[in-house]
Amino acid sequence: MPKGDIQHGNRRHYQTTEVIQFMRLVTEKCLEWGRPCVIVSLDVKKAFDRLKPSAIAKLLEKRGVPLHLRHAIMQELLDDRSLDLRVFDFTCRKVRMMRGVRQGSPESALFFSAVINDALTELSLIWKRENVGMHFGKFGGDEQLSEDWFLEHDDVLGARVLYEDIHVPCVAFAEDMYLIARSHAEAERMLRDVSEMLIELGLELQVGGTLQLQPVKLEVKGGVPVPVHLYTDDIDADTKQQLINLARSGIAVGFVAAMPDVHLGKGATIGSVFASRDFVCPNAVGVDIGCGMCAVPVDGPLLRKDLPEKKLLAIQRGLRSSIPTGSESHDRSTPAMEATMRTLIAQHAPTPWLRQSLTSRHSRQLGSLGGGNHFVELVYDEEDRVWMMLHSGSRNIGNVTAQHYDEVAAKQSGGRKEALAFLRIKSKEGQHYLTDMEFCQSYASENRRFMMETFAEVVKKETGRDTLWDQMVNIHHNYCECEQCRYYDGSGGGQWREEQLWVTRKGATSAKSGQLGIIPGSMGTGSYIVRGKGQPDSWQSCSHGAGRSMSRSAAFRNVDPKTFAGHMKERGIVWDSNYADKVRDEAPMAYKDLGVVMRNQQDLVEVVHYLQPLINMKGW
């Protein structure tokens, strides 16, 4: 990056890809050295419409343009820029426009980019004097970029970079800007400065256009610590402390990742991901082992317009009568359910304890929803194609298994139940847990499959359409499995490692490169089918949903059932509105903004489909 060169927009030999690649190089080096890096993306609201002509006049004067030419240029920019003020069919007066630059003309883009470049350059000089913003080349210590590194990346950075302490707090491409800070607090200060600068130019930031592209690295002290990679700023003190407890427990290697939907959980944080060589923590997997999502499109394709309200109500009645919710189960098990249980037992060889725990109830719960945040939805995508989607887990058997091994882990590790009690993977108890956990994960997957087959039967009965089973996505977000991992180990001088590790995801979705996943929102807000990017900084993971902003008890105290029902009615969603009082804890007001969550993980996944609800069914 050439020294003093901030603006890359509307300039010869400069491309957007160079800015993106430069940002990646900076973050890679920061991760390699274990240095914090916060990158904030900014978008200027209606940039060309709002730029003050006085800012252009100041630019021309600063660049040494003679007075008579400045007058001619400004007259050309503002000439004939007016609008007619009309009332009904009468033109009252012509009003001259004194803001912005002429749209569509090449000089307008050049002037805008030059103004932004000069303003950001002035800010950068202030930041450098006050030691604000990212320095690279030297980081105030012995670690520094080598001369060979600069030579290697000369083509990418756009110019020869001298080997010295280089201050690069920001870059821009036209109205898109990136701030590069060394801490969250520093980024906030820089954001305030840029906002004030833009106001002076007659500009303002696009609301909702600011996002954090890279995780904030939270350093942890005490115990056997690893850092925490935070993909959100929306985190309360209790949740942060729970993450810190995990990071210094000694069971995690490399780092702990906190997804954008992170919130307080039982024993371990929901939205946390970590890897371990030697340990597994039952509470870090969760009490609903194998809980996850399933979605599949309807053939035809079946379109939203094909489903009038009468048909939607018929589908809702069919779902209510065929899929048990809450603590309910089917009245009797079918041959298919019993055969599935036999297959699961044969495949996973669960421990004698689990076999003794299995009853006819667990066969009858195959194809049942449960309560809490579990749901069944009929949805439609961006092309109005209809999908079936549901969220559920391993029901009772997963819960009793989790509780049993939490107690076993507390005895082995000397810890407390409902905390971070762990098991040594090579111990007999650790192997028993992994065996029974995998059984429960498979049970959860089969439970979702049974429900989806029932769902498909209901939809076919009402529409005559089949299901595209080869396009079904059925994934866990509460589980542990052994994976090939690549990560930066900051201990012992720091180095990149690649090895087999046990990755635990509690309320987090696997997002390996090319892997499909499902990120649901709260009731009435929509959901996403996503494709993973395989980012090692998050243990190749992404969020499992929007994440709670209120505890369940707080939601029952604060959410008004009438407001909740009104929100669902405005969206035109068919649901059991008579039971709004019973599911207030699942109201959209009790959850984080899914749009913000998705923006915070744009480096982790790409959106494949956006799904909006037509029917919502929940248990309680």
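Just so we're clear, the structure is a prediction, and the values are computed from it rather than from any experiment.

Enquirer: Looking at this model, I keep getting lost on empty space enclosed by the protein. Mind explaining?
Expert: Which parts of space are left empty comes out when a probe the size of a water molecule is rolled across the atoms. The tally for this structure, following the rule as stated, stands at four cavities of 30 Å³ or more. Considering only enclosed or pocket space, the second largest cavity measures out at about 50 Å³ in volume. Lining of the second largest cavity is provided by R320, M523, W575, D576, Y579, V583, N616, M617, K618 and W620. Considering each element in turn, the lining of the second largest cavity owes the most residues, three residues, to strand 25 (residues 605-618). Considering only residue class, the lining of the second largest cavity consists of six nonpolar, one polar and three charged.

Enquirer: Would you mind showing me how to read the UniProt feature "binding site: Mn(2+) 2" (unreviewed entry) in the protein here?
Expert: Mapped onto this structure's residue numbering, the UniProt feature "binding site: Mn(2+) 2" (unreviewed entry) falls at H391 and H477. Taking the farthest pair of C-alpha atoms as the criterion, the annotated set spanning 87 residues converges on one region, since that pair is 10.3 Å apart. Checked against the lining of the largest pocket, the annotated residues reduce to H391 and H477. The residue H391 is located in strand 16 (residues 386-392) in this model. Setting aside residues no more than four positions away along its own chain, H391 makes contact with C291, G292, M293, L369, N373, H374, F375 and H477.

Enquirer: Just checking my understanding: could you explain the sheet that holds strand 25 for this structure?
Expert: Sheet strands line up and pair through hydrogen bonds in the backbone, either parallel or antiparallel. Across the sheet, which stays open at both edges, the seven strands sit in the order 18-14-16-15-25-23-22 with antiparallel pairing between neighbours. At either margin of the open sheet sits one strand with a lone partner, and together these are strand 18 (473-476) and strand 22 (516-520). Across this sheet, the average inter-strand angle for adjacent strands is 25°, counted without regard to direction. Summarising the sheet, strand 14 (residues 292-297) and strand 18 pair through four bridges and their orientation is antiparallel. Residue pairing across strands places C294 opposite N474, the latter belonging to strand 18. Of the strands in this sheet, strand 15 (375-380) and strand 25 touch helix 11 (residues 309-322), which is tilted by about 80° from strand 25.

Enquirer: Looking at this structure, how should I read the sheet that holds strand 12 (residues 270-276)?
Expert: Read across the sheet, six strands follow the order 9-10-11-12-20-19 without closing on themselves; strand pairing throughout is mixed. The sheet is open, and its two borders are formed by strand 9 (216-218) and strand 19 (478-489), each paired with just one other strand. Ignoring strand direction, the axes of neighbouring strands in this sheet form an average angle of 30°. Strand direction decides the pairing type here: strand 12 and strand 20 (residues 495-506), joined by five bridges, are antiparallel. Paired with S276 across the two strands is W502, which belongs to strand 20. Sheet contacts for helix 9 (residues 237-247): strand 9, strand 10 (228-230), strand 11 (253-263) and strand 12; angle to strand 11, the most-contacted strand, approximately 160°.

Enquirer: Teacher, can you tell me more about the layout of surface pockets here?
Expert: Reported here for the largest pocket is a volume of approximately 1200 Å³. Taken together, 50 residues form the lining of the largest pocket, with H263, I270, N373, R548 and R552 sitting closest to its centre. When residues of the lining of the largest pocket are traced back to their parent elements, those giving at least two are strand 11, strand 15, helix 15 (395-413) and strand 25. When residues of the lining of the largest pocket are assigned to their parent elements, the largest contribution, three residues, is made by helix 15. Class assignment for the residues of the lining of the largest pocket results in 12 nonpolar, 25 polar and 13 charged.

Enquirer: Would you mind going over the pairing of strand 22 with me for this structure?
Expert: Every regular strand shows the same layout, with side chains that alternate between the two sheet faces. Summarising burial for strand 22: four of the five residues are buried, a large majority. In the sheet, strand 22 pairs with strand 23 (residues 527-532) via five bridges, with the strands oriented antiparallel. Along strand 23, the bridge assignment pairs I518 with I529. From the end of strand 22 to the start of strand 23, which pair antiparallel, there are six residues, and G524 there has a positive phi angle of about 90°.

Enquirer: Where do I start with the nonpolar core in this structure?
Expert: Here is a general trend for soluble globular proteins: nonpolar side chains tend to be buried in one another's company. Ranked by internal contacts, the top residues of the largest apolar core, which has 54 residues, are M177, V194, L198, V228 and V256. For this core, the element with the most residues is helix 5 (residues 106-129), which contributes nine residues. Two domains each provide a minimum of three residues to this core, namely domain 1 (16-52 + 99-206) and domain 2 (237-549 + 591-618). The contacts of V256, once residues within four sequence positions are left out, are V226, P227, V228, H229, L243, L246, A247, V273 and F274. If you look at the next biggest cluster of nonpolar residues, it comprises 36 residues, including A257, M259, L501 and F564.

Enquirer: Sorry, what's going on with the packing of aromatic side chains here?
Expert: The geometry of an aromatic ring pair comes down to the distance between the two centres and the angle between the two planes. A complete count under the given rule lists seven aromatic pairs for this structure. Pairing Y487 with W539 gives two aromatic rings, centres 5.3 Å apart and planes at 50°, and the pair type is tilted. A residue pair is termed long-range when its members are at least 10 positions apart, and Y487 in strand 19 and W539 in the loop between strand 23 and strand 24 (541-543) qualify at 52 residues. You can call Y487 buried: its relative accessible area is 0%. Note on W539: relative accessible area 3%, which makes it buried.

Enquirer: Would you explain the environment of I345 in this entry?
Expert: Locating I345 in the fold gives a position in helix 12 (residues 335-348). The class of I345 is partly exposed, set by a relative accessible area of 22%. Residues I345 and R355 lie 10 residues apart in sequence; the distance between their C-alpha atoms is 8.3 Å. In this structure I345 touches P350, R355, L358 and F439, once residues within four positions along its chain are discounted.

Enquirer: Would you mind going over the packing of helix 11 against helix 16 (residues 428-463) with me for this structure?
Expert: Packed helices, taken two at a time, are described by the angle between their axes plus the distance between the axes. Two elements in contact, helix 11 and helix 16, have axes whose closest approach is 9 Å; the angle formed by their N-to-C orientations is 145°. The chirality of how helix 11 crosses helix 16 is right-handed. Contacts between helix 11 and helix 16 involve K311, A314, I315, G318, L319 and S322 from the first element and T454, F455, V458, E462 and T463 from the second. Residues that form the contact of helix 11 with helix 16 fall into these classes: five nonpolar, four polar and two charged.

Enquirer: Could you clarify how one ought to interpret the pattern of salt bridges in this entry?
Expert: Two side chains with opposite charge may pair up if their charged atoms get near one another. Taken as a whole and judged by the stated rule, the model has 21 salt bridges. For the salt bridge of K266 with E418, the shortest nitrogen-to-oxygen distance reads 3.5 Å. With a gap of 152 residues between them, K266 in the loop between strand 11 and strand 12 and E418 in the loop between helix 15 and strand 17 (423-424) connect regions that are remote in the sequence. By relative accessible area, which is 40% here, K266 ends up partly exposed. Residue K305 is joined to D306 by a salt bridge in which the shortest nitrogen-to-oxygen separation is 3.4 Å. Since its relative accessible area comes to 67%, K305 is described here as exposed.

Enquirer: Any chance you could explain the environment of G326 here in plain terms?
Expert: Along the chain, G326 turns up in the loop between helix 11 and helix 12. Between the C-alpha atom of G326 and that of G370, which follows or precedes it by 44 residues, the distance is 4.2 Å. With sequence-adjacent residues up to four places away left out, G326 is seen in contact with G370, G371, R395, G619 and W620.

Enquirer: Could you clarify how one ought to interpret the environment of K461 in this entry?
Expert: Mapped onto the elements, K461 comes out in helix 16. Distance in space between the C-alpha atoms of K461 and G318 is 9.2 Å, their sequence separation being 143 residues.

Cut-offs and rules
Residues numbered from 1 in each chain as written. Predicted model: local features only at pLDDT ≥ 70, side-chain atom pairs only at ≥ 80, totals over all residues. Heavy atoms only, no water. 1 Å grid on protein atoms, 1.4 Å probe; cavity = no way out; pocket = protein on both sides within 12 Å on 5 of 7 lines; lining within 4 Å. Points joined across faces, edges and corners; volume = space filled by probe spheres on them. Helix = DSSP H or I, 4+ residues; strand = E, 2+ residues; numbered from the N terminus. Nonpolar A, V, L, I, M, F, W, Y, C, P; charged D, E, K, R; others polar. UniProt positions renumbered as here; feature names shortened; annotations may be inferred. Contact = heavy atoms within 4.5 Å. Pairing = 2+ DSSP bridges. Axes fitted to C-alpha atoms, helices over the stretch in contact; angles between N-to-C directions. Buried < 20%, exposed > 50% of the residue type's maximum accessible area, 1.4 Å probe, protein only. Core = buried A, V, L, I, M, F, W, Y, C linked by side-chain atoms within 4.5 Å. Domains from an automatic or database assignment. Phe/Tyr/Trp six-rings, centres within 6.5 Å; stacked < 30°, edge-to-face > 60°. Left-handed = near helix turned anticlockwise from the far one by under 90°. Salt bridge = Lys/Arg side-chain N within 4 Å of Asp/Glu carboxyl O.

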